[in-house]
Amino acid sequence: MRILLLSNAYNSLTQRIHVELAYQGHNVSVELTLNTQVMAEAVELYQPNLIIASFVKMAIPEVIWRRYICIIIHPGIKGDRGPSSLDWAILTDAEEWGVTALQATGEMDAGDIWSSVNFKMPSRSKSSVYRTEVAEAAIQAILETIERFESGHFIPEPLDYSREDVKGCLRPYMKQEVRGIDWASDSASTIVKKIRAADSQPGVLDTIDGEAYYLYGAHQEDTLKGTPGEIIAQQHGAICRATVDGAVWISHLKQKKRGEQSFFKLPAAMVLSESLKDIPELTRSLKLSSTCKTYKEIWYEEKNDVGYLHFDFYNGAMSADQCNRLKTAFLNVCTHPTKVIVLMGGQDFWSNGIHLNMIEASENPADESWRNINAMNDLVLSILTATTHLVLAAMQGNAAAGGVMLALAADQVYARRGIVLNPHYKRMGLYGSEYWTYSLPKRVGHKKALELTNNCLPMSTKVAQEIGLIDDCFGQSIVSFRQQIEAIAQGMAQSPDYEHRLALKREMRLTDERCKPLEDYRKEELEQMKLNFYSSEQSYHVARRNFVYKITPSETPLHLAKHRQFSHPSEKCAVVLPNAKTSQKSTLGFLHR
């Protein structure tokens, strides 16, 4: 079936829907809802059987919804209406929430209901719930809607607030007056809830030292205390502010717009650096209990000969300093008397590679880009050359660009079913590094490696497993995924042929090094990256700036808009593999036999 996917941005939910529908065999084309004329034009060009609007901020034009069935994916329970659905659900402590697939009409969110899927509301940030529970429920609702649409005889349910199962209501856009924090009376849990209800957009507007900032990335603190509202500690870029009953950590700030000058999110301590000179920098042990309430980016746990190294970086971005700290932590756990190391990442993101916001904020973005990519390479190299342990990558959340290649440095790669992978760099104007020219062809072959890096399309974990990019995908929830990862890691550590597997790993590394040293891959990649960073051709710097400042594109990229491709020349391929020696896939299957 021909499905047109309309979205305000090609965000995580839209990508998830895109890859899922494509996997189901549907012919999917995407159009960004830049204006009503663009939407109408896309419909005329594509003539879809069905339209799905996954993330829209403007009304679907009447000329579209009167002629076509157009399904709106609303992140709320039956009857919920308004643009701040998840915000209100978090702020009002909703125990259950959901996703409703409803038909577009002249009234926002009031159309007939085709499907509705509910879930237990977790205690996490809005963006986290959106990427996990909402995404899962949306897929279920969409697939059920498509099945009903294809049957030809389903009659959608009119919105009727007299029905017992219609528990939502119309709520207004949540303004900052509602989100605002009263540091003199709000508890730590209330403040965390308010910030989480606004993360990642729009943030909670607050005042620090007389300046207006939006707050993001809230974490409750167990032990620190002080005068409510005061900053009492800092750690790895986050600040800790005292509350009436404890304290909260805030990881990121964004200055409020001043006239025509816009700002973007940065680590809170970096934004407030001048006023934090007398604020102590905390240092804590790498071994922190998973139940400990505090701010932690990197922490470590051990159980039954297995070490679990967690790294949870905001939005998956990894600065040079974060890469260096993670590398130090990894090398440290390699000295422990364990047998298997599991790289856990974070539950929202595995990694998205270099930190574009930090680069944009630096005095010399080209130099900071170079510093960051070399730090990423050093981290990846430490994993590729770790011969003391078997290393597993457990991808709980989405990954992109260098973040995908970071996972491929492990001996075995597992992913939670339903996350989205973007194994390419080209849309950011980059050739890419992180030893991708070694690890990607090793898993999928040279032809497929070039296809992935040039097509610039997201990939489902099911497809990633089928082509050999990852070893397996499982677990509908984060809890079930972690349980299965623990069973796999312990089974590997306790296997009678563990020593044989480790010896084979060492032998394979020596064989690969003799064939072509890792240093050669790195040198070749960095030669291309240096051109991206330092040449007069500015595509990377322009793409990065547009990404950081959230500048809306002037048109839908052609690799997404199939309906527009016939009238445009194909984009040039910018990625080639240097000195390819083999197109065979890796034989790493031995590690989990």
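Residues numbered from 1 in each chain as written. Predicted model: local features only at pLDDT ≥ 70, side-chain atom pairs only at ≥ 80, totals over all residues. Heavy atoms only, no water.

(A) Representation of the overall build of the protein in the model. Counting secondary structure elements, the protein contains 20 helices and 22 strands. Its C-alpha atoms give the protein a radius of gyration of 24 Å, near enough to 25 Å, the size a compact globule of 593 residues would have. Overall, the C-alpha framework of the protein stretches about 70 × 60 × 55 Å when taken along its three principal axes. Across the 593 residues of the protein, 57% fall into the buried class. Here the contacts in the protein between residues at least 6 apart in sequence split such that 70% fall between residues at least 24 apart. Accessible surface for the protein amounts to roughly 25,300 Å². Of this, 50% is attributable to carbon and sulfur atoms. If you average the places of the 65 positive and of the 69 negative side-chain charges in the protein, the two averages end up 3 Å apart. (Helix = DSSP H or I, 4+ residues; strand = E, 2+ residues; numbered from the N terminus. Rg over C-alpha atoms; globule rule 2.2 N^0.38 Å. Buried < 20%, exposed > 50% of the residue type's maximum accessible area, 1.4 Å probe, protein only. Contact = heavy atoms within 4.5 Å. Areas by Shrake-Rupley, 256 points an atom, 1.4 Å probe, with all protein chains shown as cover. Lys, Arg positive; Asp, Glu negative; His and termini not counted. Charge placed at Lys NZ, Arg CZ, Asp CG, Glu CD.)

(B) Just the nonpolar core, in detail. Ranked by size, the top nonpolar core spans 73 residues in total, and within it F330, L343, W350, M395, L440 and L469 carry the most contacts. No other element matches the eight residues that helix α11 (residues 365-384) contributes to this core. The next biggest cluster of nonpolar side chains, apart from the first, holds 36 residues, and it includes Y10, L21, A101 and L560. (Core = buried A, V, L, I, M, F, W, Y, C linked by side-chain atoms within 4.5 Å.)

(C) Layout of the sheet that holds strand β6 (residues 113-120). As summarised here, the arrangement of the six strands in space is β2-β1-β3-β4-β5-β6, forming an open sheet in which the pairing is mixed. Because the sheet does not close on itself, it has two edges, and the strands there are β2 (27-32) and β6. Between one strand axis and the next, the sheet turns through 20° on average, direction left out of account. Where strand β1 (residues 2-7) and β2 come together, six bridges link them in parallel fashion. Looking at the pairing, L4 lines up with S29 of β2. (Pairing = 2+ DSSP bridges. Axes fitted to C-alpha atoms, helices over the stretch in contact; angles between N-to-C directions.)

(D) Seen up close, the side chain of H563. Note on placement: H563 falls in helix α20 (residues 562-565). Under the relative-accessibility criterion, H563 is labelled buried at 3%. A distance of 2.6 Å separates a polar atom in the side chain of H563 from a polar atom in the side chain of S29. At 2.5 Å, the side chain of H563 and the side chain of E31 are in polar contact. Excluding residues within four positions of it along the chain, H563 makes contact with L4, S29, V30, E31, A42, L45 and Y46. (Polar contact = N/O pair within 3.5 Å; in protein donor to acceptor, adjacent residues only side chain to side chain.)

(E) Structural detail: unusual backbone geometry. Geometrically, the link from D199 to S200 is a cis peptide bond, its omega value of 15° lying close to zero. For N315, which is not a glycine, the phi torsion comes out positive at approximately 60°. Assignment of secondary structure puts N315 in the loop between β14 (306-311) and α9 (320-333). At Y435, a position not held by glycine, the phi torsion is positive, near 65°.

(F) Representation of the pattern of salt bridges in the model. Scanning the entire structure with this criterion turns up 37 salt bridges. Of the charged contacts in the structure, one is a salt bridge between E297 and R325, with a shortest N-O distance of 2.4 Å. Of the two residues, E297 is situated in the loop between α8 (268-271) and β13 (298-303) and R325 in helix α9; the sequence distance between them amounts to 28 residues. We note a salt bridge from D471 to R443, for which the minimum N-O separation is 2.9 Å. Taken together, the residues D471 in the loop between α15 (461-466) and β22 (472-474) and R443 in helix α13 (residues 436-444) connect sequence positions 28 residues apart. For D471, a relative accessible area of 18% translates into the label buried. (Salt bridge = Lys/Arg side-chain N within 4 Å of Asp/Glu carboxyl O.)

(G) Geometry of the environment of H310. Looking at where H310 falls in the secondary structure, it is placed in strand β14. Distance from H310 to Q396, taken between C-alpha atoms, is 11 Å for residues 86 residues apart in sequence. In contact with H310, not counting residues within four places along its chain, are E297, I298, W299, E301, M344 and G345.

(H) A look at the side chain of D80. One can find D80 in the loop between β4 (70-74) and α4 (85-91). A polar contact is formed between the side chain of D80 and the side chain of H74, at a distance of 2.6 Å. Among residues more than four places away in sequence, those in contact with D80 are H74, S85, W97, D109, G168 and C169.

(I) A look at α11. Helix length check: α11, at 20 residues, gives a terminal C-alpha distance of 28 Å against a target of 28 Å (1.5 Å per residue), a fit within 8%. Among the 20 residues that make up α11, 14 are buried, leaving the element largely enclosed by the rest of the structure. For α11, the side-chain oxygen to backbone nitrogen distance between the N-cap and A366 is 3.2 Å, and the N-cap itself is N364. (Expected span 1.5 Å × (residues − 1).)

(J) Here's a closer look at the packing of aromatic side chains. The tally for this structure, following the rule as stated, stands at 12 aromatic pairs. Site record: aromatic cluster; members linked through ring pairs are W114, F149 and F154. Directly above the ring of Y521 sits K516, whose terminal nitrogen or CZ lies 4.3 Å from the centroid. Its end group placed over the ring of W370, K530 keeps NZ or CZ at 4.9 Å from the ring centre. (Phe/Tyr/Trp six-rings, centres within 6.5 Å; stacked < 30°, edge-to-face > 60°. Lys NZ or Arg CZ within 6 Å of the ring centre and 35° of its normal.)

(K) Representation of the pairing of strand β5 (residues 96-103) within the structure. Burial analysis of β5 places seven of its eight residues in the buried class, which makes it a mostly covered element. Bridge count for β4 against β5 is four bridges, and the pairing is antiparallel. Considered in β5, the bridge of I71 is made with Q103. Pairing geometry for β5 and β6, over seven bridges, is antiparallel. Note that in β6 the partner of E96 across the bridge is K120.

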